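# Fold and geometry: a report
Residues per chain, in single letters:
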Amino acid sequence: MAAIGDKKKTYDTTGLKVPVSLGVIMDGNGRWAKKRLLPRSAGHRAGAENLKELCRNCGRYGVKYLTVYAFSTENWARPEDEVHQLMELFVEFFERYDPELEQEGIRVRFTGDIAALPEKVRNTIAEGEERSKNRQKMQLIVAMNYGGRREIENAARRLAKKVKDGELEPEQITEQLLSENMYLPDVPDPELIIRPSGEMRLSNFLLWESAYSEFWVSQTLWPDFGYDDLTQAFRDYAGRDRRFGGLSSKEGKS
Ligand code: FPP
């Protein structure tokens, strides 16, 4: 049995096809706090704690790239104090918890319109990326000030500039070239995207990269999303027939 143990859980990967690249939309912090008559900030704090747990579980299951949606280009529309608290929480998280991420061999990277974030957050991002760059077990990719449409807009602008400068012919623009001009072209497209809290939408997350991602939704609110939910998501994913627009392997053979 290919079990990777810690004291409490058995990470049994026998016959379980685990995604190499996984996306998670961490939704439901506000509802989690409301149910407990707590301020929304308490929900975000519980959500941050749970991100550590997800990293541990994904690392032990053998996921190689975990992309989490932390702050979207649309989240600036929230009340100023919530935005401020979130920014402070990001800084605190990556400074305070880095030793734990290090212990798990987790490299931290960021994706999104990073240049438009406050200086303090940008510094944390630069330090976190530098400090963790040689860790090998798994990459945690944090989508911060991220919008899928903005990422595509950015790629289009980069290619348009090359055309303008005479370095590229419009006919040379292909899907492959667009992919190479997304924020992190070396990160594989997610095979699976998980959204806790019951909403059935992508909310501008990884629009380009999710063309053939499997989608899995649970009713659990993000701060409560634990090992059992993740295991269920992986079991269901393992049973999916990914056809990529073609026929299933059985149909192809008959
Ligand atoms: C959506 O839930 C969640 C967010 C906009 C923030 C995600 C942030 C965290 C999980 C905090 C930790 C992150 C890092 C990277 C340290 P919501 O507040 O919209 O929930 P609701 O829909 O129930 O109101």
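Report follows, based on the coordinates. Note that residues are indexed from 1 along each chain, following the sequence as it is written. Only residues with pLDDT of at least 70 are given local features in this predicted model, and only at 80 or more are side-chain atom pairs given and counted; all residues enter the totals for whole chains, interfaces and linings. By convention in this description, side-chain values take in all heavy atoms of the structure and omit both hydrogens and water.

## Overview of the overall build of the protein chain
Condition: In this description a helix means any DSSP run of H or I spanning at least four residues, a strand means any run of E spanning at least two, and both kinds are numbered starting from the N terminus. C-alpha atoms define the radius of gyration in this analysis, and the globule rule sets the expected value at 2.2 Å times the number of residues to the power 0.38. For every residue, the accessible area obtained with a 1.4 Å probe (protein chains only) is divided by the maximum for its type, and the residue is called buried under 20%, exposed over 50%, and partly exposed between those limits. The contact criterion used throughout is that any non-hydrogen atoms of two residues lie within 4.5 Å. Areas reported as accessible are Shrake-Rupley estimates using a 1.4 Å probe. Residue values count occlusion only from the protein chains shown. Positive charges are assigned to Lys and Arg, negative charges to Asp and Glu, while His and the chain termini are left out of the count. For charged residues, the charge sits on one atom: NZ in Lys, CZ in Arg, CG in Asp, CD in Glu.
On a plain count of helices and strands, the protein chain comes out with nine helices and eight strands. On C-alpha atoms alone, the protein chain measures out to a radius of gyration of 19 Å, which is about the 18 Å that the 2.2 N^0.38 rule sets for 254 residues. Dimensions of the protein chain along its principal axes, counting C-alpha atoms only, are 55 × 55 × 35 Å. The buried share of the protein chain, taken over its 254 residues, is 49%. Here the analysis covers contacts within the protein chain between residues at least 6 apart in sequence; of these, 75% occur between residues at least 24 apart. Counting every atom, the protein chain has about 13,400 Å² of accessible surface; 49% of that belongs to carbon and sulfur. With 39 positive and 41 negative side-chain charges, the protein chain shows a separation of 4 Å between the mean positions of the two kinds.

## A short note on the packing of helix H2 (residues 40-61) against helix H3 (residues 80-96)
A packed helix pair is summarised by two numbers, namely the angle formed by the two axes and the spacing between the axes. Under the convention used in this document: An axis is simply a line fitted to the C-alpha atoms; with a helix, the fit covers only the stretch in contact. Between two such axes, the angle follows the N-to-C directions and lies from 0 to 180 degrees. Should an angle fall under 35 degrees it is called roughly parallel, over 145 degrees roughly antiparallel, and 65 to 115 degrees roughly perpendicular, with every other angle called oblique. For any helix crossing, the convention is left-handed if the near helix is rotated counterclockwise from the far helix by under a right angle, and right-handed if that rotation is clockwise. Throughout, the ten residues Ala, Val, Leu, Ile, Met, Phe, Trp, Tyr, Cys and Pro are labelled nonpolar, Asp, Glu, Lys and Arg are labelled charged, and all others, Gly among them, are labelled polar.
At a minimum axis separation of 10 Å, H2 and H3 run at an interaxial angle of 25°. What the angle tells us is that H2 and H3 run roughly parallel. H2 and H3 meet at a crossing whose hand is right-handed. Contacts between H2 and H3 involve Arg40, Ser41, His44, Arg45, Ala48, Leu51 and Lys52 from the former and Glu82, Gln85, Leu86, Leu89, Glu92 and Phe93 from the latter. Here the contact of H2 with H3 is composed, by residue class, of five nonpolar, three polar and five charged.

## As for the environment of lysine 35
Residue position: lysine 35 is located in helix H1 (residues 29-35). Each C-alpha atom, one on lysine 35 and one on phenylalanine 93, is 24 Å from the other, the two residues being 58 residues apart in sequence.

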